[in-house]
Amino acid sequence: MTRAPADTSHAEAATLPLNGLTARLTLDLLDLSPGQTIAVTGAAGAFGGYMVQLAKADGLRVVADASPADEELVRALGADIVVPRGDTVAARAREVVPEGVDGPADGTLNGAPGRRQSATAAASEDGWASSSESPLPTVRRCSFHQTGPPAAAHLIPLEQHMKKIGVGIIGASIGGWASISHVPALKTLPDYELRAISTSRQESAKIAAKEFDVPAAFDNHADLIADPGVDLVVVAVKVAHHHALVSAALEAGKMVYSEWPLGTGSDQAADLSARAKAAGVRTVIGLQSRFSPVVRHAHDLIADGYVGEVLGTTLVGSGIAWGPETDRAHAYFFDAATGATPLTASAMHALEAMNFALGDFADVSAKLVRGRKEVRLADEGITIPMTVADQVSIIGTLSGGAAVSVFYRGGFSRGDNLRWEINGTEGDLVLTAPGLNGNLQVADLTLKGGRGGDTTVTEITVPDRHFDPAPRTLTGPPQNIAQIYAFLAKDLREGTHTVPGFDHALARHRLVDVIERASRTGSTQTLS
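Everything in this summary refers to the structure shown in the same document.

Each value, and the rule that gives it
Residues numbered from 1 in each chain as written. Predicted model: local features only at pLDDT ≥ 70, side-chain atom pairs only at ≥ 80, totals over all residues. Heavy atoms only, no water. Helix = DSSP H or I, 4+ residues; strand = E, 2+ residues; numbered from the N terminus. Buried < 20%, exposed > 50% of the residue type's maximum accessible area, 1.4 Å probe, protein only. Patch = residues over 30% accessible without salt bridge, like charges linked within 9 Å, V, L, I, M, F, W, Y side chains within 5 Å. Areas by Shrake-Rupley, 256 points an atom, 1.4 Å probe, with all protein chains shown as cover. Salt bridge = Lys/Arg side-chain N within 4 Å of Asp/Glu carboxyl O. 1 Å grid on protein atoms, 1.4 Å probe; cavity = no way out; pocket = protein on both sides within 12 Å on 5 of 7 lines; lining within 4 Å. Points joined across faces, edges and corners; volume = space filled by probe spheres on them. Nonpolar A, V, L, I, M, F, W, Y, C, P; charged D, E, K, R; others polar. Pairing = 2+ DSSP bridges. Contact = heavy atoms within 4.5 Å. Axes fitted to C-alpha atoms, helices over the stretch in contact; angles between N-to-C directions.

1. Quick word on the overall build of the chain
From N to C terminus, the chain includes 15 helices and 23 strands. For the chain, buried positions account for 52% of its 528 residues.

See the structure below:
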């Protein structure tokens, strides 16, 4: 039972649940995946209003029409793009969505002069649904027309309703990075379902699928990408393969989560960023340190004035890889051409957290030093050249004027392997992690602070809100990965963009270029 809207007859009030059910049925029939685009006409009406809200709850991008008087209402319902209602609605929509939409829902009133014709055009092959350059012959269309007044459906609160996001992981062998991070993270989150994995061999794929309780196992990426149950493709393989695999997923119109670095250099990153824009799909870059509950709480404390004005920050860490010894399987880390270096990996993950908490660089200087010249392959008993700089030193100034000093070493130290201090006029924050692994993005961080008359720092408890919906007990690499997925699901429900995608990845690749140029030239680089 619920209250009927004021100033409506019993018959009119009774149409509200019917319109809601019709909207739900429409979405079920269209069967769109999170991240795809739906067009809704008659968005200010009862059916249209439900359609907009339920589509957003399903993680869809919504293009809707509205009269000037209804535009504010339709935007408040959650529409991402609002175009003027009327005879030219299809043309106006094509201007803002040139690639077309994945499915239209026509909610115009029966008999409304001009609007019915526009809605039909909007749902036709040459309207919103597709373009001649990129036809979508399989688009389903649903038209349901109101027979009564467009009651104020927005007065009825809607429960969040969202299909599970189907995930497919490329590079999910047992013991690999995805198996110890993405898989356990996804298993804790109600919005996701791991539906497919692929490895380089069918045997290893089947073993992993059985271990992780995944229904589909493939020995090639193409079959995984083509799987209709996969909405989000995760690329978790060596950096050298990112460009080809990400490109294939984008071409298929799938959402893509790529591990960082996005490519072997900024050229590849720029190309993938452009491809993602052309595809019109959501993308995610695996720079998870900014989503650490501890880092986010430190960010909030700084914003609330805990340390006062930030004067400076120092961060020292160990990359654990790039030490004196490795094996053949990990020898690629020591080759600068592969794109996985102490700068691009360990240091950039740390800088992601630092820039998130304190702001971007205004200027930067750097020294990238190749301390070790070779590395021993323990399983083969030979040594090979090391071409990466295993000692990374970065200093600079943030946009707010604070001084920055960052040092990352290859291998590990017998002393501290991760310590980050933030010093201000009123207080100090210190983030540390135990053990040999000083990679901030995977560390179980401890936050301490002191201010005012304190003479030392004491531990600060991170509120539960920074962990939810991931369990607080989830430790190590899965915790921050789970946070990315949780924020992505929320973004898809609410139409927000809190999770950085490939545009952000390109900006970080360009920061790498600036740091390398600073080291190469020996001069301070100013960032715009």
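2. Remarks on a nonpolar patch on the surface
A surface patch of nonpolar side chains, about 270 Å² in accessible area, is lined by Ile320, Phe412 and Leu436. Position of leucine 436 among the secondary structure elements: in the loop between β20 (427-432) and β21 (446-451).

3. A closer look at the layout of surface pockets
Its boundaries defined by the atoms lining it, the largest pocket holds a volume of some 1400 Å³. If you go around the largest pocket, you meet 43 residues; those closest to its centre are Trp177, Ala236, Val237, Tyr332 and Phe333. Of all the secondary-structure elements, those providing two or more residues to the lining of the largest pocket are α6 (177-180), α10 (242-251) and α13 (343-358). A class-by-class count of the residues in the lining of the largest pocket yields 21 nonpolar, 19 polar and 3 charged.

4. Points about the sheet that holds strand β22 (residues 458-459)
Ordered in space as β22-β21-β20-β19-β12-β18-β17-β14-β23, the 9 strands form an open sheet in which the pairing is mixed. Of all strands in the sheet, those with a lone pairing partner are β22 and β23 (525-526), marking the two edges. When strand β12 (residues 310-318) meets strand β18 (residues 403-409), the two strands line up parallel, connected through 7 bridges. The partner of threonine 314 across the bridge, within β18, is serine 405. Set on the sheet, helix α15 (residues 502-521) makes contact with β14 (361-369), β17 (391-398) and β23; between it and β14 the angle comes to about 60°.

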